Amino acid sequence: MSEVTKRLYRSRKDRMLAGVCGGLAAYMGVDPTIVRLIFVISVFVTFTTSLFLYLIFWLIIPEEP
């Protein structure tokens, strides 16, 4: 039996800045707009933490092959 593993990548097609939100949306199977809205709301609530987390994701999540 073959097991398909799901990988998290930054999106090449669905990107606004670095493709982090598009990649997270594809991994979770939701619309990228929802992930972007959640990120924008979190920036207003916790500015520094959200931007720092986005930068970390930008650096550690590889781009789609």
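A brief report on the enclosed structure follows.

**Concerning the packing of aromatic side chains**
Now for step 1: The full count for this structure, using the stated rule, is 2 aromatic pairs.
Now for step 2: Relative to W58, the ring of Y54 lies with its centre 6.3 Å away and its plane at 70 degrees, an arrangement referred to as edge-to-face. With a gap of 4 residues between them, Y54 and W58 both fall in helix α3 (residues 47-60), about one helical turn apart.
Now for step 3: Note on Y54: relative accessible area 10%, which makes it buried.
Now for step 4: According to the relative accessible area criterion, W58 is partly exposed, its value standing at 34%.
Now for step 5: Taken together, the ring pairs connect F39, Y54 and W58 into an aromatic cluster.
Now for step 6: Looking at K6, its charged tip hangs above the ring of Y27, at a distance of 5.4 Å from the centre.

**A word on helix α2 (residues 32-45)**
Now for step 1: Between the first and last C-alpha of α2 there are 20 Å, a value that for 14 residues agrees with the 20 Å anticipated at 1.5 Å per step.
Now for step 2: For α2, the complete set of buried residues consists of P32, V35, R36 and V43. In a view along the axis of α2, the buried residues occupy a sector of 100 degrees, so they form one face of it. Those residues of α2 that are exposed and angled more than 90 degrees off the buried face are L37, I38, I41, F44 and V45.
Now for step 3: Those residues of α2 hidden inside the fold are in contact with α1 (20-28) and α3.

**Considering the pattern of salt bridges**
Now for step 1: Taken as a whole and assessed by the stated rule, the structure comprises 3 salt bridges.
Now for step 2: Measuring nitrogen to oxygen at the nearest pair gives 3.8 Å for the salt bridge that ties R12 to E63. Here R12 is found in the segment before α1, whereas its partner E63 is found in the segment after α3, with 51 residues between them in sequence.
Now for step 3: Given a relative accessible area of 29%, E63 falls into the partly exposed group.
Now for step 4: A salt bridge links R15 to E63; its shortest N-O distance comes to 2.9 Å. Separated by 48 residues along the polypeptide, R15 in the segment before α1 and E63 in the segment after α3 bring together distant segments of the chain.
Now for step 5: Linked through salt bridges whose partners overlap, the residues forming this network are R12, R15 and E63.

Thresholds, definitions, all that
Residues numbered from 1 in each chain as written. Predicted model: local features only at pLDDT ≥ 70, side-chain atom pairs only at ≥ 80, totals over all residues. Heavy atoms only, no water. Phe/Tyr/Trp six-rings, centres within 6.5 Å; stacked < 30°, edge-to-face > 60°. Helix = DSSP H or I, 4+ residues; strand = E, 2+ residues; numbered from the N terminus. Buried < 20%, exposed > 50% of the residue type's maximum accessible area, 1.4 Å probe, protein only. Lys NZ or Arg CZ within 6 Å of the ring centre and 35° of its normal. Expected span 1.5 Å × (residues − 1). Arc of directions from axis to C-beta. Contact = heavy atoms within 4.5 Å. Salt bridge = Lys/Arg side-chain N within 4 Å of Asp/Glu carboxyl O.

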